[in-house]
Structures are given as structure tokens and as C-alpha cells.
Amino acid sequence: MSLQTHFIPSLIVFLLSFPSYYSFPGISEASGYDASAGRANPWYPSTIQGRNFGSSKMGRSLAAVKTFNVNDYGAKGDGSDATEACSLSQGSVIVVRKNKNYLLKPITFEGPCKSSITVHIYETLQASADRSAYSKDLTRWLVFENVQILAVEGGGTINGNGKIWWENSCKVNDDLSCKDAPTKMHVSFEKCVGVEVSGLTITAPADSPNTDGIHVTRTQNIQISSSVIGTGDDCISIVSGSQKVQANGITCGPDHGISFGSLGDGNSEAHVSDVTLNGATLTGTTNGVRIKTWQGGSKFQNIEMHNVKNTIIIDQKYCDQDKPCKSQSRAVQVQNVLYRNIKGTSSSSETIQIDCSEKFPCKGIVLQGIDLRVGGKAAIAECNNAKITEKGNVSPSCT
């Protein structure tokens, strides 16, 4: 699956998708975002009302690929409403035309399909600002589910209208409950196989809560490349059940860096393996490359960091709650992780933090060719309960 587009908080979810291509030249958060100025800007496009495609079955048989222009099905992109924007059939192409802006309520494109589906987005899709429209499910907006051989492309903009959710987040307003809080990630791949993601630009203000750029869960064989991501949370997050994840040519910042996890919440089992990050630039991020696991065969290489607070982190005692977490007898095992050719500057003197479980220490951690400095001076590494091998020049050193 491949993507090329602009994203402004979404959530776009790909569920049970198989060989797919997702490619856009950008994604950004709802209110618009000026990356150079580091702030959100008001943005008021003309809109139309979409409808949920979940009940529109995609299994109808066609002799040849058919193209659906959303304007031919009532979508105008001029501020008026439409009760039906388009239909979806086997072997189809859906086109969102240029010079139009479309307002969408939660939508599901649901399979199964026996033939390919291509979605061309040439202009702007914007999420409805009516929070009541999400009453059935706060976690999804634009969903492709159980679709094989799916391509989403075209260079348009997908605007998730995230500002209305940030302002009502329990992490912004302590008086609000975090129970049943909406998910504010941009793009999520769940239970997908054979995915290609390239040419994305994902933007959100640095203070927007829980706005992961690309989230990968229970997905195998995914390649993420040539993308620029700046959000208020993880640049890329990879969680349990994900295997054979490759990322290269990634630019992150501002955000929380690239993370495995969190893993093992509620004493659950968690498995992530065969992840390779080869070629990334992180600037002004809170963290660099981080493995975070709750108490209860991967590579990071050729990474350049600029003014990153915590460059290399393994945290087996991760705790994302107000009250201190109790010490547990179980932990997610972290082993066979290579950090190679990672260079740059840190904004914190203690820039490498490897804090592993006493009962399940980290194994097979290799640091090779590391050069991280603070203001031109050597940084500090704090490493506990880990079996670490250092190769070549490693600064700061754990030994």
C-alpha cells in the first residue's frame, strides 16, 4: 500500500488491508500548520457533506476497471451538502477532483474486494468539525477495511480538523476525563500485509496531544520512505504484532521521535521484530530512537540528530499515568538491537538512557559508531541492567 499526500490530524485507519500502496505528498492537522513558523494557522475551506460507505458493498463484479468521480455522485466541493458522494465497486478508481474541498463525516470503505481499488485525491478532504458525528466511534474518521490491492495517491491534502479534539483533550484540560478519549493519530496501519508508504508530509503543532504521525500495529512487511513528519507525539510508533518494518529517508521534528511501543501494558504479551530504520534526520525532537515497554533483531542506523533531548532510549519501566506504577514481576524482553552510525547533537547532557528490568535485563544491545555531543562537549550515557557491546568509537559510552 502506498501513500503520497498532506495530512492534518486525521485518523486514517487501514484495517486488514493486503498488498497496498499509499502515496501522497502531505498530511496535516486540522487547522492547518505553518511548519516554518512552528504554529497552527486558521484555515476555512469550502465543504460538502459525505456519507458512510460501510454499507456500500464492494463486491459487485465489473468487466473492466470503472472510474467514479465524486462530483458525479452529488459531491460539489462548494460548501453545499451531498447525501451520496460516490459508490464503490470491484476494480474501481475513485477520483477527488482538483480545485475542490470536501467535508467528510466518518467514512468506511469496506471490502472484501477481489480486484484492485485506487483512490486519487487531488485536492482537500477535511473532517467534519461536528463532534457529535463521531459518537459511534471516536477512534476513526477515514477507514479502508478488509481491502486487497489498495492504492491511495494523488498529491492532495487530508485535513483531520484536529484542533477541536486537542482543545478537548484530558492532557490539555485536567478537568476532562481520559476515559473513552478519541484517538488523534494521523495514519494507522492495523493488521495489514505488504504496505508501501512514501512521500508523506504530516504536520501538527508540537503541543498537540497524542498525534502520532504513522502508527503501525499487527502489521507485516511495511516500508515507509521519503516522508517528512512533525507532530505533537511520536513521529513513527511501532507496537505489538508488527514484523519486518523498514523505514528510510525519514525526517522527524518537532515530535517525540521514533518509538517501539509502548509495549506490555496491563501485563500483556508484546512482540515486535525485524525492524530496520536506515537513514533518518531528527531535529528538535524530545527523543531520538526509543524503545518503551511497560513492566509486566532490530536496527537503527545512519541517523542524524540535531538538538534532540534524549537520543537513544530503552525504557523497560515505561509508565504513562499520573500515579506511580507498581513494580512488576514481568516485563517485555528487549534483545538484539543494533544502534549504528548515529551522530549529532543533544539538548540534554544525559542523552543515552538504557533502563532495563532487573528480572529481565536487555540482551544483545550493540552500540557502534556513536558520536553524540552537547554544546560541543561529550554527553553522558546512563545504562542499567543491560548487556551492551560497544564497537568502534562510541561516545558517550555505557562502560
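Residues numbered from 1 in each chain as written. Predicted model: local features only at pLDDT ≥ 70, side-chain atom pairs only at ≥ 80, totals over all residues. Heavy atoms only, no water.

Peer 1: I'm lost on the state of the cysteines in this one. Help?
Peer 2: Defined simply, a disulfide is a covalent bond joining two cysteines at their sulfur atoms. Scanning all chains against the criterion turns up three disulfides. Between the sulfur atoms of C235 and its disulfide partner C252 the distance amounts to 2.1 Å. On the S-S bond that ties C235 to C252, the torsion sits near -70 degrees, and the link is left-handed. With C235 in the loop between β19 (220–230) and β20 (236–238) and C252 in strand β21 (residues 242–252), this residue pair connects regions lying 17 residues apart in the sequence. Since its relative accessible area comes to 0%, C235 is described here as buried. Since its relative accessible area comes to 2%, C252 is described here as buried. Between the sulfur atoms of C383 and its disulfide partner C398 the distance amounts to 1.8 Å. Handedness of the C383-C398 disulfide follows from its S-S torsion of about -45 degrees: it is left-handed. Taken together, the residues span a long stretch of sequence, with C383 in strand β31 (residues 380–384) and C398 in the segment after β32 (386–395) at a distance of 15 residues. Taking relative accessible area as the criterion, C383 reaches 23% and is therefore assigned partly exposed. (Disulfide = S-S within 2.5 Å. Helix = DSSP H or I, 4+ residues; strand = E, 2+ residues; numbered from the N terminus. Buried < 20%, exposed > 50% of the residue type's maximum accessible area, 1.4 Å probe, protein only.)

Peer 1: I would appreciate a short explanation of the pairing of strand β18 (residues 214–217) in the present structure.
Peer 2: For a regular strand, the rule is simple: side chains alternate between the two faces of the sheet. Taking every second residue as pointing to the same face, both faces of β18 are buried, with I214 and V216 on one and H215 and T217 on the other. The pairing of strand β15 (residues 187–190) with β18 spans four bridges and is parallel. In the strand pairing of β18, S188 is matched with H215. (Pairing = 2+ DSSP bridges.)

Peer 1: Got a minute to help me understand the pattern of salt bridges in this structure?
Peer 2: Between side chains of opposite charge, pairing is possible as soon as their charged atoms come close. Under the criterion given, the structure shown has five salt bridges. Here E145 and R140 are joined by a salt bridge, their closest N and O atoms 4.0 Å apart. According to the relative accessible area criterion, E145 is partly exposed, its value standing at 22%. The shortest N-O distance in the salt bridge between R290 and D234 comes to 3.1 Å. Residue R290 is located in strand β24 (residues 287–294), and its partner D234 is located in the loop between β19 and β20; the two are separated by 56 residues in the primary sequence. Like R290, the residue D234 is buried in the burial classification. (Salt bridge = Lys/Arg side-chain N within 4 Å of Asp/Glu carboxyl O.)

Peer 1: Looking at this structure, I do not really get the nonpolar core. What am I missing?
Peer 2: General note: in soluble globular proteins, nonpolar side chains tend to be found buried as a group. Membership of the largest hydrophobic core comes to 47 residues, with the highest contact counts inside it found for I214, I236, F300 and Y339. Tallying contributions element by element places strand β29 (residues 362–374) first for this core, with five residues. Excluding residues within four positions of it along the chain, F300 makes contact with F260, L277, V289, I291, V337, L338, Y339, R340 and I342. (Core = buried A, V, L, I, M, F, W, Y, C linked by side-chain atoms within 4.5 Å. Contact = heavy atoms within 4.5 Å.)

Peer 1: Quick question: what am I supposed to make of the side chain of T217 here?
Peer 2: Structurally, T217 can be placed in strand β18. With residues up to four places along the chain from it excluded, the contact list for T217 reads F189, E190, K191, V239, S240 and S242.

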